[in-house]
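Here is what each chain is made of, one letter per residue.
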Amino acid sequence: MKITFFKYQGTGNDFVMIDDRDQSFPVSKELIASICHRRFGVGSDGLILLQNAEGYDFRMVYFNADGGEGSMCGNGGRCVVRFANDLGLFSDHTKFIAVDGEHEGTVSGDVIRLKMSGVKDVQRYEDYDFLNTGSPHYVTFVDQVDEVDVVNIGSEIRYGSIYGPQGGTNVNFAEIIEENHLSVRTYERGVEDETFSCGTGVTACALSASLRNDWQSPITVETIGGTLEVAFQQNANGEFDDITLIGPAVRVFEGVLDTTPTR
Ligand SMILES: N[C@H](CCC[C@H](N)C(=O)O)C(=O)O
């Protein structure tokens, strides 16, 4: 079976994107993992299906590189907004549905803004915070993020901490560069590696830093793959809403997949 696909990336978090409005994509963990594989397939951190959804411009269905259906993906959400715009599904403002609920997005030149789910509960501990920004994130602050062994420490926390048994967590290491400015590296579950950027992780780090340092919105976050901005509001109960993830998302190429097994 031949399937046309597109490759998108947002700050170096890359995705295979498929227009699945006719729902013909043969979803299977093995097929998706083989497409995302960087040696045997196209190579990506995840795969996204754009489907029709009643009452919305589209539905985003996200899978991690291991082929498992993931929770929300912030950079993938920004990329699918760009994809839907490229397909002509909306002109500058869109409303779509994803696994964690409704999202809004806007396109203005190079910049994609994605409204994220609200965050009610931040579990705070001395050495780290744990919060769900659409996906679960462990956030710890370090002095020199460049020096961190992200893969080894990240996988230890992902599998070994109390978060391991419940489906695991993504693990973020954040360094404060100056007020309202962070540098973040992320170990992503489902990719089981460091990625160049993680949108829900960057969002989690920004919210955690604002709580710990009393910073106001917006917060700028450097990742390996580029710069993102997180804007938010905190209501009287301390909950975060109107969270927006802002940054570039671009189409890289298109191609045709042969879904007969590649290995
Ligand atoms: N890269 C994504 C996160 C994917 C989440 C996934 N790794 C999981 O929690 O299973 C992002 O930009 O938010």
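Quick caveat, the model's predicted, so the values are computed rather than measured. As a convention, each chain's residues are numbered from 1 in the sequence order in which they are written. Given that the model is predicted, a residue must reach a pLDDT of at least 70 before its local features are reported, and side-chain atom pairs must reach 80 or more before they are shown or counted; all residues, however, enter totals for whole chains, interfaces and linings. As a convention, hydrogens and water are excluded, and side-chain values are obtained from all of the structure's heavy atoms.

Brief notes about the pairing of strand 16 (residues 240–248)
- Strand direction decides the pairing type here: strand 7 (residues 111–115) and strand 16, joined by 5 bridges, are antiparallel. Within the sheet, the bridge partner assigned to Val 111 lies in strand 16 and is Pro 248. A pair of strands is treated as paired once DSSP finds two or more bridges between them. Secondary structure elements are defined from DSSP: runs of H or I of at least 4 residues count as helices, runs of E of at least 2 residues count as strands, and each element is numbered from the N terminus.

Some points on the layout of surface pockets
- Taken as a whole, the largest pocket holds about 240 Å³ of empty space.
- Taken together, 15 residues make up the lining of the largest pocket; nearest its centre are Arg 38, Ser 44, Asp 45, Val 191 and Asp 193.
- Taken together, the elements giving at least two residues each to the lining of the largest pocket come down to helix 1 (29–36) and strand 13 (193–195).
- Among the elements that take part in the lining of the largest pocket, strand 13 stands out by supplying 3 residues, more than any other.
- Gly is put with the polar residues, along with every residue not named as nonpolar or charged; the nonpolar set is Ala, Val, Leu, Ile, Met, Phe, Trp, Tyr, Cys and Pro, and the charged set is Asp, Glu, Lys and Arg. A per-class count over the lining of the largest pocket returns 5 nonpolar, 4 polar and 6 charged. Cavities and pockets were defined on a 1 Å grid built over protein atoms only: a cavity is a set of grid points that admits a 1.4 Å probe from which the probe cannot escape, a pocket is an open set flanked by protein on both sides within 12 Å along at least five of seven lines, and lining residues are those with an atom within 4 Å of any such point. Grid points are joined across faces, edges and corners, and a volume is the space filled by probe spheres set on the points.

Thoughts on the UniProt feature "binding site: substrate" (unreviewed entry) in the chain
- UniProt positions are given in the numbering used here, feature names are shortened, and annotations may be inferred rather than shown by experiment. Taken from the UniProt record, the annotation "binding site: substrate" (unreviewed entry) applies to Asn 13, Asn 64, Gly 74, Asn 75, Asn 170, Glu 188, Arg 189, Gly 199 and Thr 200. Lining the largest cavity, from the residues named above, are Asn 13, Asn 64, Gly 74, Asn 170, Glu 188, Arg 189, Gly 199 and Thr 200.
- On the secondary structure map, Asn 64 appears in strand 4 (residues 58–64).
- Whether two residues touch is decided by their heavy atoms; if any such pair falls within 4.5 Å, the residues are in contact. When neighbours within four sequence positions are excluded, Asn 64 is seen to be in contact with Ile 32, Asp 45, Gly 46, Gly 70, Glu 188, Arg 189 and Gly 190.

Examining the nonpolar core
- By nonpolar core is meant a set of buried Ala, Val, Leu, Ile, Met, Phe, Trp, Tyr and Cys residues that side-chain atoms within 4.5 Å join together. Each residue's exposure class comes from its accessible area (1.4 Å probe, protein chains only) as a fraction of the maximum for that residue type: buried when under 20%, exposed when over 50%, partly exposed otherwise. Membership of the largest hydrophobic core comes to 46 residues, with the highest contact counts inside it found for Met 17, Met 60, Val 80, Phe 96, Leu 182 and Ile 243.
- Reported domain spans reflect what an automatic or database domain assignment gives. The residue makeup of this core includes at least three contributed by each of domain 1 (2–105 + 249–258) and domain 2 (122–248).
- Residues contacting Val 80, with those up to four places away along its chain left out, are Met 17, Ile 48, Leu 50, Phe 58, Met 60 and Phe 96.

So, a nonpolar patch on the surface
- Like charges within 9 Å and nonpolar side chains (Val, Leu, Ile, Met, Phe, Trp, Tyr) within 5 Å are joined into patches, using only residues over 30% in relative accessible area that form no salt bridge. For the accessible areas, the method is Shrake-Rupley and the probe is 1.4 Å, while residue cover comes only from the protein chains on display. Salt-bridge detection follows one rule: a side-chain nitrogen of Lys or Arg within 4 Å of a carboxyl oxygen of Asp or Glu. A surface patch of nonpolar side chains, amounting to about 230 Å² of accessible area, comprises Val 250, Val 252 and Phe 253.
- Looking at the element boundaries, Val 250 is found in strand 17 (residues 250–258).

Description of the site of the ligand
- Any residue with at least one heavy atom within 4 Å of a molecule or strand is counted as near it. Close to the ligand lie 15 residues, the nearest being Gly 74, Asn 170, Arg 189, Gly 199 and Thr 200.
- Here Asn 13 contributes a side-chain N or O atom positioned 2.9 Å from a nitrogen atom of the ligand.
- Isolated, the ligand exposes 360 Å² of accessible area, and the fraction of that covered by the protein chains is 100%.
- Throughout, a molecule is located in a cavity or pocket provided that more than half of its atoms lie within 2 Å of its grid points. Given that more than half its atoms are within 2 Å of the pocket grid, the ligand belongs to the largest cavity.
- Those elements that place two or more of their residues in the shell around the ligand are strand 4, helix 2 (74–86) and helix 4 (199–213).
- For the shell around the ligand, the class distribution of residues is 4 nonpolar, 9 polar and 2 charged. A 3.5 Å cut-off defines polar contacts: any pair of N or O atoms within that distance qualifies, except that in protein one atom must be a possible hydrogen donor and the other a possible acceptor, and neighbouring residues in sequence count only when both atoms are side-chain atoms.

With respect to unusual backbone geometry
- Residues Ser 217 and Pro 218 are joined by a peptide bond in cis, for which omega reads -5 degrees.
- Its location among the elements puts Pro 218 in the loop between helix 4 and strand 14 (219–223).
- Within the chain, Asn 180 stands out as a residue other than glycine whose phi angle is a positive 60 degrees.
- Secondary-structure assignment places Asn 180 in the loop between strand 11 (170–178) and strand 12 (181–188).

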